[in-house]
Amino acid sequence: MANDVNDTVLVIGAGLGGLCLAQGLRKAGIPCEVYERDSALDARRQGYRLHIDSRGDQALRQVLPPHLHELFLATSGQPRNATTIYDSQLVPRTEFVLDDGETQRNVNRFTLRQILFEGLGNVRFGKEFVRYEKHENGVVAHFADGTQARGAVLVGADGVNSPVRRQYLPHAQVVDTGLRQLYAKIPLTEETRKLFDPEMFAVFSIVSGPRKQMIGFAPVDYPEPIADACARLAPEVRLNPDEPYMTCAFGARQEVFGRTDDELRALSGDEMQKLVLDRVADWNPRVRRMVESWLPDSPFLVSIRTSVPIGPWESSRVCLVGDAIHAMSPAAGAGANTAMRDGAALAAALSSGTPDAIGEYEAEMRRYGFAAVRESAANGARHLGQNPLPEMSNTSV
């Protein structure tokens, strides 16, 4: 793409994929504007720990200035390269050892999002996207406040409920997996660390109970205080302080909870904690103490949904990244990595100057993105009781 005002890329959504794209476009010198519905970067709780593998790390290396990539490494923990499944009495039953040659990092989601936001002066908050119009020479985005934005390309990076996707690919389905998870945090203190064997400071651990109920946990164990990492590597950066913690989630099929989503969301943190304690009453006492150690204001509900893979579509000035096109359950730990891979790949495609850049990006993204959706669905069905993935609605990719 030539670099002039008419070649601005409009990015709808400031999640991981959208910010990764914006950083990549900034590095390539391509004008870009990001429009985010939320009022600020920290306006709502989106989750805690993320697992970043070699795909996510490569995307970050590709789009970030070197000192910000170093800051990511310095503010992420390096867990044991394994996922272990325990029974309800904490007896190890299965372990999946990950390739030692791959990057395995556990990072706090908001810390990573702050790093990806650093240096971007082009993010507009409080801008709820409504619809777009395609014209011969560009795209016009319309927002709920009555304003418009014009650009050469519009990218939907607006998550699982993407209004861009609904307009662009109305046949693309997002379906309920049947799974619900209550996420919370356990502060890693001298006392709470004793609840976890050294082997449990891994990429992820699952305690599996009857009816495929599970407690999953993973550490965010900072190598050094966040402020010290900033002072050493990027003195201009101010990241929110945070302390080491274990993210902890109780997951099960919705019917196991015995409540509707609205009823679950209406519960206080204490009530969510009690609900989980009732369901793990006969599990190993250490598991119950883990739940008892939840930070009181940390629990929140996630209703897990997944995209249904679809066949090819004709490329245009509109395209999609991340959960907007391939939302998936967390059962393969691939969602964040795939979204950031999308952002880096699309930035590279748009900077290549080739006429078919978007189509080439979409073809490759469909391949790896929908493969991740299928893997996540298969793992979710095997270990968590996830609903089977529906058949594709049109021609196979």
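The structure we're discussing is the one just above.
Now for a look at the structure at hand.

What counts and what doesn't
Residues numbered from 1 in each chain as written. Predicted model: local features only at pLDDT ≥ 70, side-chain atom pairs only at ≥ 80, totals over all residues. Heavy atoms only, no water. Helix = DSSP H or I, 4+ residues; strand = E, 2+ residues; numbered from the N terminus. Buried < 20%, exposed > 50% of the residue type's maximum accessible area, 1.4 Å probe, protein only. Axes fitted to C-alpha atoms, helices over the stretch in contact; angles between N-to-C directions. Parallel < 35°, antiparallel > 145°, perpendicular 65-115°, else oblique. Left-handed = near helix turned anticlockwise from the far one by under 90°. Contact = heavy atoms within 4.5 Å. Nonpolar A, V, L, I, M, F, W, Y, C, P; charged D, E, K, R; others polar. Pairing = 2+ DSSP bridges. Phe/Tyr/Trp six-rings, centres within 6.5 Å; stacked < 30°, edge-to-face > 60°. Expected span 1.5 Å × (residues − 1). Bend = angle between axes of the 7 residues up to and from the residue. Salt bridge = Lys/Arg side-chain N within 4 Å of Asp/Glu carboxyl O.

**Side note on unusual backbone geometry**
And then number 1: In this structure, Arg 211 takes a positive phi of about 55° despite not being glycine.
And then number 2: Its location among the elements puts Arg 211 in the loop between β14 (202-208) and β15 (214-220).
And then number 3: With a relative accessible area of 58%, Arg 211 lands in the exposed category.
And then number 4: We note that Lys 212 has phi near 55°; this positive angle belongs to a residue other than glycine.
And then number 5: Along the polypeptide, Lys 212 turns up in the loop between β14 and β15.

**Some details on the packing of helix α2 (residues 54-63) against helix α3 (residues 66-74)**
And then number 1: Here α2 crosses α3 at 150°, and the two axes come no closer than 8 Å. Classified by the angle between their axes, α2 and α3 sit roughly antiparallel to one another. Judged by the twist between their axes, the crossing of α2 over α3 is right-handed. Mapping the contact onto sequence places Asp 57, Leu 60 and Arg 61 in α2 and His 69, Phe 72 and Leu 73 in α3.
And then number 2: When its residues are assigned to classes, the contact of α2 with α3 shows three nonpolar, one polar and two charged.

**Some details on the sheet that holds strand β12 (residues 153-156)**
Paired through their backbone hydrogen bonds, the strands of a sheet run either parallel or antiparallel.
And then number 1: The strand order β8-β2-β1-β12-β18 describes an open sheet built from five strands, whose pairing is parallel. Whereas interior strands pair on both sides, the edge strands pair on one side only; in this sheet they are β8 (123-125) and β18 (318-320). The mean angle between the axes of side-by-side strands here comes to 20°, regardless of whether they run parallel or antiparallel.
And then number 2: Pairing of β12 with β18 involves three bridges; the strand directions are parallel. By the bridge assignment, Leu 154 is partnered in β18 with Val 318.
And then number 3: This element, helix α13 (residues 357-384), spans β12 and β18 of the sheet and lies at about 25° to β18.

**So, the packing of aromatic side chains**
And then number 1: Per the counting criterion, the structure on display carries nine aromatic pairs.
And then number 2: Ring geometry for Phe 196 versus Phe 217: centroids 5.2 Å apart, planes at 55°, classification tilted. Here Phe 196 is found in the loop between β13 (174-187) and β14, whereas its partner Phe 217 is found in strand β15, with 21 residues between them in sequence.
And then number 3: Judged by its relative accessible area of 4%, Phe 196 falls in the buried class.
And then number 4: Where Phe 250 meets Phe 257, the ring centres are 5.5 Å apart and the plane angle is 80°; that geometry is what we call edge-to-face. Taken individually, Phe 250 and Phe 257 each receive the classification buried, so the pair is uniform in this respect.

**As for α13**
And then number 1: With 28 residues, α13 should cover 40 Å at 1.5 Å per step; its first-to-last C-alpha distance of 39 Å lies within 8% of that length.
And then number 2: Taken as a whole, α13 carries its principal kink of about 25° at Met 365.
And then number 3: Looking one or two places after α13, you find Gly 385, whose phi comes out positive at around 80°.

**Re the pattern of salt bridges**
And then number 1: Counted by the stated rule, this structure contains 20 salt bridges.
And then number 2: Close ionic contact of Glu 133 with Arg 131 constitutes a salt bridge, the shortest N to O distance being 2.9 Å.
And then number 3: With a relative accessible area of 36%, Arg 131 lands in the partly exposed category.
And then number 4: Close ionic contact of Arg 180 with Asp 261 constitutes a salt bridge, the shortest N to O distance being 2.7 Å. Placement of Arg 180 in strand β13 and of Asp 261 in helix α8 (residues 261-265) is noted, with a sequence separation of 81 residues between them. As far as burial versus exposure is concerned, Arg 180 and Asp 261 are alike and both buried.
And then number 5: Ionic contacts of the salt-bridge type, sharing partners, join the residues Asp 176, Arg 180 and Asp 261 into one network.

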